[in-house]
Amino acid sequence: MIRIGLVGTGGVGRALMDLVGERDDMKLVFALNSRSGVGDQEGLDPERLCGYLGENRDLSGFGEEGFGVWDIQEVLQRYHVDLLVEATPTDKRTGEPATSTIRVALQNGLHVVTANKGPVMLHYRELKDLANGKGLGFGIGATAGAALPTISAGENDLLGSRLLGIRGVLNGTTNYILHLMETEGVAYTDALRQAQEEGIAETDPSQDVEGWDTAIKMTIIANALAGTDLTLEGAQVTGITQLTGEDIMAAKRDGKRYRLLGELNLEDENPRVVVRPLMVSQEDIFFGVQGKNKGVQYMTDNLGEIAILGGASDVRGAAAAIIRDILQIKKRIFRKV
Ligand code: HSE
């Protein structure tokens with residue numbers, strides 16, 4: 001039985017509670033949000049907790065199990081867990097408070113799985129080295145495409161080959177907007193609203209439409225799979241906000257369509273992430289990536305070009321990516337559980 005502690009009770013955190021509740025090999029021991037927490041060493045009832053969170057954010061009112069302001073070190077002393085899931089909102093400038101929480105969990109001997117892009121983009125090497133030094137797992141699949149297995153496929157299936165380049169349609173929100181504008185003639189602002197209603201846009205949707213979410217995911221993938229130390233500072237990022245309905249319809253008349261594409265040539269002396277809307281023709285691997293779906297293409301020295309398509313953005317998919325990371329850790333190093 002894998003005992004899990006969760007930090008972050010937003011959409012992804014709650015979807016994770018649902019998925020853990022459907023399994024008999026995991027139990028949720030504590031859940032924390034910015035103000036409060038709830039814990040039971042025997043395991044919380046995820047359904048009851050999700051129901052409560054639908055109405056309340058303050059977990060201190062959740063019966064005897066609830067408590068107020070917490071300190072992660074104290075929580076880890078009070079409850080025994082094998083693995084911490086960190087799923088709080090991203091701060092891409094500082095990566096805090098999530099980075100500190102993850103560091104403390106690893107220092108306390110816990111495996112960590114995170115859905116939070118900030119700490120991974122800014123501190124991947126440090127956190128991964130800390131985990132490796134202690135024989136712990138550090139799962140980051142949910143930060144870079146989530147349901148689309150960019151990291152797990154890269155870590156497992158590119159083994160022994162060198163990564164030469166990466167191309168990716170990695171943002172479901174912009175792909176959905178472009179899809180609605182092209183296929184249904186929906187205006188940009190209405191399409192963005194629909195993406196927000198579907199719950200896939202970032203809290204600040206400029207992260208999606210101005211291309212930063214794609215740039216962050218490209219950076220994370222490169223640093224994790226190719227050992228680079230890229231930051232956003234070197235990235236060249238253009239979003240879809242300047243694209244007009246007329247641009248999209250003109251491309252359509254030519255049998256083409258726009259995709260917000262991230263590209264990185266790792267053979268450059270100074271590789272840098274480039275994100276921009278590109279018109280692609282039917283021959284392009286990303287032409288058929290429709291709606292909220294995404295895709296990644298790896299160029300390698302010995303395995304040729306490998307593409308993975310699909311993995312639509314949604315909270316249940318993101319939670320499933322966390323479960324996938326937990327099970328990968330279990331398979332590799334979790335033998336005692
Ligand atoms: N806002 C992101 C997307 C989801 O639209 O793909 C989380 O990465």
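Given the structure is predicted, the values throughout are model-derived calculations rather than measurements.

Caption draft 1: Examining the environment of Ala144 more closely. Structurally, Ala144 is set in the loop between strand E7 (138-139) and helix H6 (150-157). By relative accessible area, Ala144 is classed as buried at 0%. Among all residues touching Ala144, those that are not within four sequence positions of it are Thr150, Ile151, Lys217, Ile220 and Ile221.

Caption draft 2: Just the pairing of strand E12 (residues 294-300), in detail. Taken across its seven residues, E12 has seven buried, putting it largely inside the fold. Side chains Lys294, Val296, Tyr298 and Thr300 project from E12 onto one buried face, and the interleaved Gly295, Gln297 and Met299 project onto a second face that is buried too. The sheet contact formed by strand E8 (residues 163-169) and E12 spans six bridges and is antiparallel. Looking at the pairing, Ile166 lines up with Tyr298 of E12. Sheet analysis places E12 next to strand E13 (residues 305-310), joined by six bridges and oriented antiparallel. Paired with Gly295 across the bridge in E13 is Leu309.

Caption draft 3: Region of interest: the packing of helix H1 (residues 11-21) against helix H2 (residues 46-55). Following both chains from N to C, one finds H1 and H2 inclined at 160 degrees, their axes separated by 9 Å at the closest point. Regarding the angle of H1 to H2, the classification is roughly antiparallel. The way H1 lies across H2 gives a crossing that is left-handed. Counting all contacts with H1, which are made through Arg14, Met17, Asp18 and Gly21, the residues of H2 involved are Pro46, Leu49, Cys50, Leu53 and Gly54. Across the contact of H1 with H2, the residue classes break down as five nonpolar, two polar and two charged.

Caption draft 4: The nonpolar core, seen in detail. In terms of nonpolar packing, the biggest core is built from 67 residues, with Phe30, Phe138, Ile140, Ile166, Ile177, Leu264 and Val273 touching the most fellow members. The element best represented in this core is helix H10 (residues 212-226), accounting for seven residues. Looking at this core, you find at least three residues from each of domain 1 (2-147 + 316-332) and domain 2 (151-311). Not counting the four nearest positions on each side in its chain, Leu264 is found in contact with Leu164, Gly165, Ile166, Met218, Ala222, Leu230, Pro271, Arg272 and Val273. Membership of the second largest hydrophobic core comes to 33 residues, among which are Ala15, Leu16, Ala319 and Ile326.

Each value, and the rule that gives it
- Residues numbered from 1 in each chain as written.
- Predicted model: local features only at pLDDT ≥ 70, side-chain atom pairs only at ≥ 80, totals over all residues.
- Heavy atoms only, no water.
- Helix = DSSP H or I, 4+ residues; strand = E, 2+ residues; numbered from the N terminus.
- Buried < 20%, exposed > 50% of the residue type's maximum accessible area, 1.4 Å probe, protein only.
- Contact = heavy atoms within 4.5 Å.
- Pairing = 2+ DSSP bridges.
- Axes fitted to C-alpha atoms, helices over the stretch in contact; angles between N-to-C directions.
- Parallel < 35°, antiparallel > 145°, perpendicular 65-115°, else oblique.
- Left-handed = near helix turned anticlockwise from the far one by under 90°.
- Nonpolar A, V, L, I, M, F, W, Y, C, P; charged D, E, K, R; others polar.
- Core = buried A, V, L, I, M, F, W, Y, C linked by side-chain atoms within 4.5 Å.
- Domains from an automatic or database assignment.

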